[in-house]
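# Close look at the chain arrangement
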Amino acid sequence: MEQTNCKPSIVTYSTIIDSLCKDKLIDDAFKLFKEMVFEKGILPNVISYTSLICGLCKLGRWDEASKMLKEMEDENISPNVQTFNVLVDAFCKEGKVEEAEAVINIMIETGSAQNIVPDIVTYSSLIDGYCLRGEMIKAREIFDSITLRGLVPDVVTYSSLLNGYCKNLNVEKVVQLFREISGKGLKPDVVTCNTMLQGLFQVGCCVAAHKLFNEMHAQGRIPDRCTY
DNA sequence: GAGTGTAACT
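Below: a short report on this structure. (Residues numbered from 1 in each chain as written. Chains lettered and ligands numbered in written order. Predicted model: local features only at pLDDT ≥ 70, side-chain atom pairs only at ≥ 80, totals over all residues. Heavy atoms only, no water.)

### Considering the packing of aromatic side chains
The geometry of two aromatic rings is summed up by the distance between their centres and the angle between their planes. The final tally for this structure, using the stated rule, is five aromatic pairs. Pairing Phe 33 with Tyr 49 gives two aromatic rings, centres 5.5 Å apart and planes at 70°, and the pair type is edge-to-face. Note that Phe 33 is positioned in helix H2 (residues 26-39) and Tyr 49 in helix H3 (residues 46-58), a separation of 16 residues in sequence. The exposure class assigned to Phe 33 is buried, which follows from its relative accessible area of 5%. Where Trp 62 meets Phe 91, the ring centres are 4.4 Å apart and the plane angle is 5°; that geometry is what we call stacked. Separated by 29 residues along the polypeptide, Trp 62 in helix H4 (residues 62-74) and Phe 91 in helix H5 (residues 81-93) bring together distant segments of the chain. A relative accessible area of 19% places Trp 62 in the buried class. The rings of Phe 30, Phe 33 and Tyr 49 are connected pair by pair, giving a single aromatic cluster. (Phe/Tyr/Trp six-rings, centres within 6.5 Å; stacked < 30°, edge-to-face > 60°. Helix = DSSP H or I, 4+ residues; strand = E, 2+ residues; numbered from the N terminus. Buried < 20%, exposed > 50% of the residue type's maximum accessible area, 1.4 Å probe, protein only.)

### Some points on the nonpolar core
Ile 17, Leu 52, Ile 53, Leu 126, Ile 127 and Leu 161 are the most contacted members of the largest nonpolar core, which totals 66 residues. Top contributing element to this core by residue count: H5, with eight residues. The contacts of Ile 17, once residues within four sequence positions are left out, are Ala 29, Leu 32, Phe 33, Ser 51 and Leu 52. (Core = buried A, V, L, I, M, F, W, Y, C linked by side-chain atoms within 4.5 Å. Contact = heavy atoms within 4.5 Å.)

Take a look at the structure:
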């Protein structure tokens, strides 16, 4: 591309930077980022910064992530909902739900002027975080608060909560919630089904599990490696 | 007019 008239753009660079971050090759990502800025004179945007922050958070390099946020501020690039969601999710995955809640409070208190309002991804991450800690009452509380905020739980929100109940061996809630998904007009996807399968087998409901597996085939939801 | 970033199962 560099040899043609079709020079790599901010989108080209961001695509590669994001891929490197996802492969945990954060140093290579930064190398490319610096090449883009200092050699090519292409200004980074909120997307390239969010990718880098995501990569740093997933490696637990919180100080550097915070440094990048500061750098964005200096460059007058405002973080948006997705930038904050990356932080919320990373904290939740680390079991740092309190920190995640703090980020959400910042979003609520200071973000509304810039159209930054926690969305369904934010709360799905938080539910997942509480589920990972086995705090199902809290997870349920967040789930119930979603509607009050005018948001609509999607299949990921349901699957996260479902996974929590499965790990908790709460069969009653699992069955109830799984029915509710279809009842709300949502379609359980392969991840939802895999979660259910694991839950059903764990409590010895092998017949129900096989029935669900067969239904997956019938409804064209292709089983994947996790299913098997 | 288009293209890049966030959440669930293993």
